[in-house]
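A structural walkthrough
The lines below spell out each chain.
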Amino acid sequence: AGGGGGGYDDGGGGGAGGYRTASGFAVSAGTAITVTIGGGGAGGTSSFGTNGQNSVFSTITSTGGGGGATNSSAGLNGGSGGGGSYGSAPYFVGGTATSGQGNNGGRGGFQAGGGGGGSGAVGTNAGGNSGGAGGNGTASSITGSSVTRAGGGGGGAEGSPGTGGDAGSGGAGGGGGPGTGGSNATANTGSGGGGGSGGGVRTGGNGGSGIVIIRYADTFADAASTTGSPTFTNTGGYKIYQWTGSGSITF
């Protein structure tokens, strides 16, 4: 699903969009299967980062990533949770993940936001003036080569020696250090945006849009029709369809 946007002003990193895998999905000839690609959440310009949007394949829904927290707030819940921000100790917690789809966001710290949760790991708690690192994403070879997706965004920070949190692997955005905003996540990775700093440019980075990928043995026929312009490849004994925009497929 789409990743969450990073939070504003010592913001928490955005959580990764819900990451799901499965096999053995049954299809019926002549029945169109709907594919919805969730957009990434916007980075916070005065408040929380926005949650990412859900991605859907037929009846299977992946939940959009949680937005990163703004100053003195907890991260938002989502596929993976957004990072928390700072306030009075013990600071503010990260958002909660959706079961089976991701991991929780990290806790904020003094003048720093926690990392957003990734599909492969929880977001790191902020430490001192340093933003928490985003949780790492998950590698998959469904397309024939290994690609990592759905990482959490790093938390923003201020002060001295404030440093923004590292982006989780998989295309997430890094947290902003003193005077800089959070970085945007890469499109169609489902990764979270980085949290903004507490001084200068305080805006969070945007989350990355989602992606839907299916494959099946190449002994079966090509799809009868598709919409949404999916990428089609036939390699390694599989026929593979990848959507980066909403559409459908009919067998």
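As a reminder, the structure under discussion sits directly above these lines.
Residues numbered from 1 in each chain as written. Predicted model: local features only at pLDDT ≥ 70, side-chain atom pairs only at ≥ 80, totals over all residues. Heavy atoms only, no water.

1. Let's talk about the environment of Thr-34
- With respect to the secondary-structure elements, Thr-34 resides in strand S1 (residues 33-36).
- Between the C-alpha atoms of Thr-34 and Asn-71, which are 37 residues apart in sequence, the distance is 39 Å.
- Setting aside residues no more than four positions away along its own chain, Thr-34 makes contact with Val-56, Phe-57, Ser-58, Gly-247 and Ser-248. (Helix = DSSP H or I, 4+ residues; strand = E, 2+ residues; numbered from the N terminus. Contact = heavy atoms within 4.5 Å.)

2. Thoughts on unusual backbone geometry
- Non-glycine residue Ala-150 carries a positive phi angle of around 60°.
- With respect to the helices and strands, the residue Ala-150 is situated in the loop between strand S5 (147-149) and strand S6 (212-217).
- Ala-150 gets classed as buried once you look at its relative accessible area, which sits at 3%.
- One non-glycine residue, Ser-229, lies in the positive phi region at around 55°.
- Tracing the sequence through the fold places Ser-229 in the loop between strand S7 (225-227) and strand S8 (231-235).
- Given the relative accessible area of 68%, Ser-229 is considered exposed. (Buried < 20%, exposed > 50% of the residue type's maximum accessible area, 1.4 Å probe, protein only.)

3. Digging into the sheet that holds S1
- Reading across from one edge, S3-S2-S1-S10-S7 is the order of the five strands in this open sheet, with antiparallel pairing throughout. One side of each edge strand has no neighbouring strand; the edge strands of this open sheet are strand S3 (60-62) and S7. Neighbouring strand axes in the sheet, compared pairwise and without regard to direction, differ in orientation by 15° on average.
- Note that S1 and strand S2 (residues 55-57) share two bridges and pair antiparallel. Looking at S2, one finds that Val-35 is bridged to Phe-57. (Pairing = 2+ DSSP bridges. Axes fitted to C-alpha atoms, helices over the stretch in contact; angles between N-to-C directions.)

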